[in-house]
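Below are the chains, spelled out letter by letter.
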Amino acid sequence: MSEKKLSFTHRFIPATDPTITETLLLLHGTGGNENDLLGLGSRLRPGAALLSPRGKVLENGMPRFFRRLAEGVFDVEDLKKQTHALAEFVAEAAQAYGLDEHNITAVGYSNGANIAGGLLLLRPETLAAAALLRPMVPLLPEKQPDLKGKEILILSGRSDPIATPTETARLVKLFSDAGAAVKAHTKPGGHQLSEEDIRAAEAWFASRSTKAESVSKR
Ligand code: MLT
């Protein structure tokens, strides 16, 4: 299937396993693009549909999902605006490609993990679950969202200077207080992903894949 013209430049890979109704929403890091995480997505959930937008903000030519004022200092107004735009894109893509809009799992790395966090906090209806790789606290919402029933994986690096262990602990608390089922692992290493992270994410997907199907069949 070729991609349709929607509000974000994106790649869409249809499901190759017709029994899987979960779609992975792949969100790249700063300087990445819509092709970056396709391999990771098919490794984490073989046979699932993959929806992979490119962030619309350019920082010195590098695509991102929202503006920042400095490293780790976010332009919160832009983050809110872009979070809503991404939520609209996901709804639009679900309609265009015939996806189950109640069974979308984000897989985000770094800046992509941060906008996935924005979706969970501001537009929680967009995601059923999320695997956040090297995330930070994107913003503090005015109203606590209801994240009951949502499963969230958070993978951090012990010596990550950007998404620090303290930052990760705040994020785990924010999501847990809102009712999400959070699993968090801190691995040796920094901001870059390692094979160990990917194996931890694979294990999380394997542990929840049966559940994901039964949720979608209700
Ligand atoms: C961000 O801006 O989202 C974080 O600093 C991570 C990054 O993109 O480097």
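Our subject is the structure that appears above.
In every chain, residue numbers begin from 1 and rise along the written sequence. Selection of residues for local features in this predicted model requires a pLDDT of at least 70, selection of side-chain atom pairs for listing and counting requires 80 or more, and totals for whole chains, interfaces and linings are taken over all residues. Side-chain numbers here rest on the full set of heavy atoms in the structure, without hydrogens or water.

A. Local environment of the site of the ligand. In the vicinity of the ligand, the residues found are Thr30, Arg64, Phe66, Arg68, Gly72, Phe74, Ser110, Asn111, Asn114, Met136 and Ile162. One of the side-chain nitrogen or oxygen atoms of Thr30 is found 2.5 Å away from an oxygen atom of the ligand. For this analysis, a polar contact is any N or O atom pair within 3.5 Å, provided that within protein one partner can donate a hydrogen and the other can accept it, and provided that sequence-adjacent residues contribute only side-chain to side-chain pairs. Between the ligand and the protein, one listed contact pairs an oxygen atom with a side-chain N or O atom of Asn111 at 2.9 Å. Only the protein chains shown count as covering a residue, and every accessible area follows the Shrake-Rupley method with a 1.4 Å probe. Contact with the protein chains covers 95% of the free accessible surface of the ligand, which is 260 Å². When residues are grouped by polarity, Ala, Val, Leu, Ile, Met, Phe, Trp, Tyr, Cys and Pro land in nonpolar, Asp, Glu, Lys and Arg in charged, and all others, Gly among them, in polar. Here the residues of the shell around the ligand are counted per class, giving 4 nonpolar, 5 polar and 2 charged. Near residues are defined by distance, with any heavy atom within 4 Å of the molecule or strand qualifying the residue.

B. Just the pairing of strand S1 (residues 10-13), in detail. Type-normalised accessible area, obtained with a 1.4 Å probe on protein chains alone, sets the label of each residue: buried when under 20%, exposed when over 50%, and partly exposed for intermediate values. Put simply, DSSP H or I for four residues or longer makes a helix, DSSP E for two residues or longer makes a strand, and each gets a number counted from the N terminus. Side chains of S1 alternate between two faces, with His10 and Phe12 buried and Arg11 and Ile13 left unburied. Whether two strands pair comes down to DSSP finding at least two bridges between them. Examined bridge by bridge, S1 and strand S3 (residues 49-53) share 4 bridges and lie antiparallel to one another. Across the sheet, residue His10 finds its bridge partner in S3, namely Pro53.

C. Representation of the packing of aromatic side chains in the model. The rule is short: rings of Phe, Tyr and Trp, with Trp giving its six-membered ring, pair when the centres are within 6.5 Å, and they are stacked under 30 degrees, edge-to-face over 60, tilted in between. Overall, the coordinates contain 4 aromatic pairs when judged by the stated rule. Ring centres of Phe12 and Tyr97 lie 3.9 Å apart, and the angle between their planes is 15°; this geometry places the pair in the stacked category. With Phe12 in strand S1 and Tyr97 in helix H2 (residues 76-97), this residue pair connects regions lying 85 residues apart in the sequence. Across the pair, Tyr97 and Phe12 agree in class, each one buried. Here Trp204 and Phe205 contribute two aromatic rings whose centre-to-centre distance is 5.1 Å and whose plane-to-plane angle is 85°, an arrangement assigned as edge-to-face. We note that Trp204, like Phe205, is buried. Cation placement over rings: the criterion is NZ of Lys or CZ of Arg within 6 Å of the ring centroid and within 35° of the ring normal. Here Arg64 stacks its cationic end above the ring of Phe66, 5.2 Å away from the centre of that ring.

D. Layout of the pattern of salt bridges. Salt bridges are identified by distance alone: a Lys or Arg side-chain nitrogen within 4 Å of an Asp or Glu carboxyl oxygen. Counting across every chain of the model gives 20 salt bridges. In this structure, Arg67 and Asp75 form a salt bridge, with 3.4 Å as the shortest nitrogen-oxygen distance. Across the pair Arg123 and Glu88 runs a salt bridge whose closest N-O atoms are separated by 3.0 Å. Taken together, the positions of Arg123 in the loop between helix H3 (111-122) and strand S9 (129-133) and Glu88 in helix H2 put the pair 35 residues apart, joining distant regions of the chain. Among the residues examined, Arg123 registers a relative accessible area of 17% and is labelled buried. In this structure, a network of salt bridges that share partners links the residues Glu22, Arg45, Glu151 and Arg208.

E. Here's a closer look at the nonpolar core. Note on terminology: a nonpolar core comprises buried Ala, Val, Leu, Ile, Met, Phe, Trp, Tyr and Cys residues joined through side-chain atoms within 4.5 Å. By size, the foremost hydrophobic cluster in this structure holds 42 residues, and its most contacted members are Leu25, Leu27, Phe89, Leu132, Ile152 and Phe175. Of all the secondary structure elements, the ones that give two or more residues to this core are strand S2 (23-27), S3, H2, strand S8 (104-109), H3, S9, strand S10 (151-157) and helix H4 (165-177). Residue contacts are defined here by distance: any two heavy atoms, one from each residue, within 4.5 Å place the two residues in contact. Once residues lying within four places of it in the same chain are set aside, the contact partners of Leu27 are Leu37, Pro53, Phe65, Leu86, Ala106, Val107, Gly108, Tyr109, Gly112, Ile115 and Ala116. Grouped together as the second largest cluster of nonpolar side chains are 19 residues, Tyr109, Leu133, Leu155 and Phe205 included.

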